[in-house]
There are 2 protein chains.
Amino acid sequence: MPVLVMKFGGTSVANPDRIRRAAKRVGIEVAKGYDVIVIVSAMSGKTNELVGWVEETAPMFDAREYDAVVSSGENVTAGLMALTLQQMNVPARSWQGWQVPVRTTSAHSAARIEEIPTDNIRAKFAEGMQVAVIAGFQGISPEGRITTLGRGGSDTTAVAFAAAFGAERCDIFTDVDGVYTTDPRITDKARKLDKIAFEEMLELASLGAKVLQTRSVELAMRYKVKLRVLSSFEEPSDTAGTLVCDEEDIMESNIVAGVAYSRDEAKMTLLSVADRPGIAAAIFTALSDTGVNVDMIVQNISEDGRTDMTFSCPTNQVARADKALAAAKEAGGLNFTELVVDRDVAKVSVVGIGMRSHTGVAAKMFKILSNEGINIKVITTSEIKISVLIERKYMELAVQALHDAFELDKAS
Amino acid sequence: MPVLVMKFGGTSVANPDRIRRAAKRVGIEVAKGYDVIVIVSAMSGKTNELVGWVEETAPMFDAREYDAVVSSGENVTAGLMALTLQQMNVPARSWQGWQVPVRTTSAHSAARIEEIPTDNIRAKFAEGMQVAVIAGFQGISPEGRITTLGRGGSDTTAVAFAAAFGAERCDIFTDVDGVYTTDPRITDKARKLDKIAFEEMLELASLGAKVLQTRSVELAMRYKVKLRVLSSFEEPSDTAGTLVCDEEDIMESNIVAGVAYSRDEAKMTLLSVADRPGIAAAIFTALSDTGVNVDMIVQNISEDGRTDMTFSCPTNQVARADKALAAAKEAGGLNFTELVVDRDVAKVSVVGIGMRSHTGVAAKMFKILSNEGINIKVITTSEIKISVLIERKYMELAVQALHDAFELDKAS
């Protein structure tokens, strides 16, 4: 029988009533003839409660004990989901991570899945069980301790099971009904995409679209798992949600798939840095060592052996970056006259695999912004993405203008 | 190093603050040079929350899934306790039932512990770990599923670990400060016992003294585990609580150790039953098949081949007993003219190992009750216990009079 993986997030299993609603969706797929693997998150709020207790107990906690405590939320939902399915006369049982076992690395709280043996669950399917309910987000280390995969890790669990079982599709049920061309709160012309390519989803996820965890998209891309994002609060239908899939499975697509933004950006410029080999390494090693997430990096043209180095990072990391750079200057090996900080910027990006084959997308983007009188402060590009830093007050305007000009409200 | 087992009940670990207080008690014993095994219950209220969800989900639940859900409460406390101890610089780690592994039977929700391997934990003690924190109440079945030991099962976990590790003592921390000669709510002359024999504790537990789970006392008696019951809210001291121990460890004791009572008793009498072999079996099989907990049984003298059969059971099981006996009569094989029910009785018992060597205890008990004008309806005796059924309104009076007359307010 073909296997389907269905993952339900915290809001979709927030209480016994919602679990019943989710179980009904599972029942529909079972009736179609699928063997279903259900991955569940903790009931919404429960993980925060558990994390709160751990942090109250020990500010610098042992990650092995953190994992043992925090993983219990998913165990509760898994048991309740199995019971709910049984109540609907669907043969089901629950598995905790160690029972499968979901083998992971020992990197507690940020473990990576290494292996998912399928024999045990396949044998149960062969015996007539129709649904295997798996506690998401967790596994077991080589030392036999409980591990967790980090926040949002249940998406990764779902994709990993879909890959291991060769599932026909992996449905991720969440509280939004799919991936949009942009944030509907910014423009009501935002349109739900029926399909999006893995690469596009990856760029959008890394740009702050919170629909899917980046790691789960990477994993799906590597193992060619068809991912569908859909809302558990919508009526079931074949066209529901957004399918995240291989580029080749998308017949036609707009050149630009979506417009993304990030509000909390800061631009920092080191003035008059010596322009010599190793200087960039010195700067960005100092920053990464203190945990600053540097995003865009631009180096100006050199003059008299000196240059300016500009980078962006989240606003709340400015103080940390400032301190790290001052310390590096103090220690020698890094010289600059001044650090100029602009906390008043936002990042706007257009993303689309169509850019690979179409030229002129960047030029068009800059023209649209210029027409609105928006000055561009920093530009970076990748093969399928163009990002700009602009003054924060123009952010909404920029998103709306780009969405209009690239006609994202119209399907291709 | 000598091993000590310390068990903390739900109210003793109700929140991170209480867990800290409990951890301090553990720290005191570690400082004395003990390797400590800590058994924890779920934070108070948590097990009820989990059971509530299961029952809301499935009124006739799969006990395997029930166990998987309900056991998560203890896992949370175990991790938090280990973190708290680490925070106090006491090397500690948590074990869930399956990690030890605590091997049990497959009788889900009422499993019995069959084996506790000690190698793994002993090795950690040898490496310098000072406290092993164990999630109580749970184990793993031969099939690899999570089991629970039934309500109050954490006491049993504690005693089983004490037996397996040959612990010097097993301290049960709860919200009462020990075992009393009788319920202090009935008479303020009730006195805390310093020591009580296993057999006495067993009788008192089965009579409704809620301090220790009966199974844990049985287990302690079998493996000669010294059990101490004490309050986690009292200042630590060597004379705190009550030691439940072997008879031989009690130098001197009162003939009567305590007076117990049970308020919700009903007395049922089947009139004119045929007095022939097999009739008692027919009656009590019918009752036990429908889950009626029969306590006392008395058969009157036979006359003309007929007799009256009297028994007691909890008041809330009268309707069930009535129905079961009517059905048995209907089906033939059991004949009686009438079933007389007296819902207005209570049971009062005196318990003490001294009765073995002292005669006249029963006579003295009956005299005391008679002096107070209390009529005795049913009497049963065991080697170390005498129980009577009396009219419920005299219950408090009977307990007070017996407590006075046997001088239980005075230590031996």
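Residues numbered from 1 in each chain as written. Chains lettered and ligands numbered in written order. Predicted model: local features only at pLDDT ≥ 70, side-chain atom pairs only at ≥ 80, totals over all residues. Heavy atoms only, no water.

Draft legend 1. Local environment of the overall build of chain A. A tally of helices and strands in chain A yields twelve helices and 18 strands. For 412 residues, the compact-globule estimate of 2.2 N^0.38 gives 22 Å, and the C-alpha radius of gyration of chain A, at 24 Å, lies within 12% of that figure. Principal-axis analysis of the C-alpha atoms places the extent of chain A at approximately 75 × 50 × 30 Å. A total of 412 residues make up chain A; the buried ones form 55% of that total. Counted over contacts in chain A with a minimum sequence separation of 6, partners at least 24 positions apart contribute 75%. Accessible area of chain A: about 17,300 Å², with a carbon and sulfur share of 48%. (Helix = DSSP H or I, 4+ residues; strand = E, 2+ residues; numbered from the N terminus. Rg over C-alpha atoms; globule rule 2.2 N^0.38 Å. Buried < 20%, exposed > 50% of the residue type's maximum accessible area, 1.4 Å probe, protein only. Contact = heavy atoms within 4.5 Å. Areas by Shrake-Rupley, 256 points an atom, 1.4 Å probe, with all protein chains shown as cover.)

Draft legend 2. Region of interest: the packing of aromatic side chains. All names here are of chain A. Evaluation of the coordinates by the stated rule reveals nine aromatic pairs over all chains. Ring centres of F8 and F173 lie 4.6 Å apart, and the angle between their planes is 15°; on these two criteria the pair is classed as stacked. Taken together, the residues F8 in strand 1 (residues 3–8) and F173 in strand 9 (residues 169–174) connect sequence positions 165 residues apart. Residue F8 shares its accessibility class with F173, and that shared class is buried. The cationic tip of R93 hangs over the ring face of W95; the distance from NZ or CZ to the ring centre is 4.0 Å. Taking the ring centre of F336 as reference, the NZ or CZ of K329 above it sits at 4.6 Å. (Phe/Tyr/Trp six-rings, centres within 6.5 Å; stacked < 30°, edge-to-face > 60°. Lys NZ or Arg CZ within 6 Å of the ring centre and 35° of its normal.)

Draft legend 3. Layout of unusual backbone geometry. All names here are of chain A. That bond from V100 to P101 is cis: its omega, -15°, falls within 30 degrees of zero. Note on placement: P101 falls in the loop between strand 3 (92–95) and strand 4 (103–104). Positive phi outside glycine occurs at E407, with the angle close to 55°. Looking at the secondary structure, you find E407 in the segment after helix 12 (395–405).

Draft legend 4. Just the domain arrangement of chain A, in detail. Examined at the domain level, chain A breaks down into domain 1 (3–175) and domain 2 (259–405). For domain 1 of chain A versus domain 2 of chain A, the separation of C-alpha centres amounts to 39 Å. (Domains from an automatic or database assignment.)

Draft legend 5. Focus on the relation of the copies chain A and chain B. At an RMSD of 0.1 Å, chain A and chain B line up after a rotation of 180° and a shift of 0.1 Å along the axis. Read as a symmetry element, the transformation amounts to a two-fold axis. Rotation axis and chain A: the residue whose C-alpha lies nearest the axis is S72(A), separated from it by 2.8 Å. Both copies present the same face, since 100% of the interface residues in chain A are matched by interface residues at the equivalent positions in chain B. (Least-squares fit on C-alpha atoms with pLDDT ≥ 70 in both.)

Draft legend 6. Structural context of the sheet that holds strand 15 (residues 306–314) of chain A. Residue and element names in this part refer to chain A. Taken in spatial order, the six strands of this open sheet run 14-15-13-16-18-17, and their pairing is antiparallel. Pairing within the sheet leaves two strands with one partner each, and these edge strands are strand 14 (297–299) and strand 17 (376–382). Sheet twist, expressed as the average angle between the axes of neighbouring strands with direction ignored, equals 25°. Bridge count between strand 13 (residues 258–274) and strand 16 (residues 338–351): eleven bridges; the pairing is antiparallel. Within strand 16, the position partnered with A260 by the bridge is S349. Contacts from helix 7 (residues 198–206) reach strand 13, strand 16, strand 17 and strand 18 (385–391), with the element oriented near 145° to strand 16. (Pairing = 2+ DSSP bridges. Axes fitted to C-alpha atoms, helices over the stretch in contact; angles between N-to-C directions.)

Draft legend 7. Spotlight on helix 3 (residues 63–70) of chain A. Helix 3 of chain A sits mainly inside the fold: six of its eight residues count as buried. Those residues of helix 3 of chain A that sit buried are E65(A), Y66(A), D67(A), A68(A), V69(A) and V70(A). Against the buried residues of helix 3 of chain A lie helix 2 (46–57), helix 4 (72–87) and strand 8 (146–148) of chain A together with helix 4 (72–87) and strand 3 (92–95) of chain B.

Draft legend 8. How the structure looks around the UniProt feature "domain: ACT" (unreviewed entry) in chain A. The residues that UniProt annotates with the feature "domain: ACT" (unreviewed entry) are residues 268–353 of chain A. End-to-end, the C-alpha atoms of residues 268–353 of chain A are 30 Å apart, and along that stretch the chain is 28% helix and 38% strand. (UniProt positions renumbered as here; feature names shortened; annotations may be inferred.)

Draft legend 9. Layout of the sheet that holds strand 17 (residues 376–382) of chain B. Residue and element names in this part refer to chain B. Strand order in this open sheet of six strands is 14-15-13-16-18-17, and the pairing throughout is antiparallel. Each of the sheet's edge strands pairs with one partner strand only, and the pair in question is strand 14 (297–299) and strand 17. Averaged over all pairs of adjacent strands, the angle between their axes in this sheet comes to 25°, without regard to strand direction. Along the sheet face, helix 9 (residues 279–289) touches strand 13 (258–274), strand 14 and strand 15 (306–314) and points at about 25° away from the line of strand 15. Sheet contacts for helix 12 (residues 395–405): strand 13, strand 16 (338–351) and strand 18 (385–391); angle to strand 13, the most-contacted strand, approximately 120°.

Draft legend 10. Representation of the environment of V256(B). Residue and element names in this part refer to chain B. Assignment of secondary structure puts V256 in the loop between strand 12 (242–245) and strand 13. For the pair formed by V256 and T181, sequence separation is 75 residues and the distance between their alpha carbons is 8.9 Å. Sequence-distant contacts of V256, defined by excluding residues within four places in its chain, comprise V350, V351, G352, M355, V361, F406 and L408.

Draft legend 11. Fine view of the interface of chain A and chain B. On the side of chain B, 37 residues touch chain A, which itself brings 37 residues to the contact. Taking both sides of the interface into account, the surface hidden between chain A and chain B amounts to around 3,200 Å²; carbon and sulfur atoms contribute 61%. In this structure, the connection of chain A to chain B is made through two salt bridges. The shortest N-O distance in the salt bridge between K46(B) and E49(A) comes to 3.4 Å. At the junction of chain A and chain B, the tally comes to eight residue pairs in polar contact (both at pLDDT 80 or more). Broken down by secondary-structure element, the contributors of at least two residues to the side of chain A that touches chain B are helix 1 (16–31), helix 2, helix 3, helix 4 and strand 3 of chain A. (Buried area = accessible area lost by both parts, 1.4 Å probe. Salt bridge = Lys/Arg side-chain N within 4 Å of Asp/Glu carboxyl O. Polar contact = N/O pair within 3.5 Å; in protein donor to acceptor, adjacent residues only side chain to side chain.)

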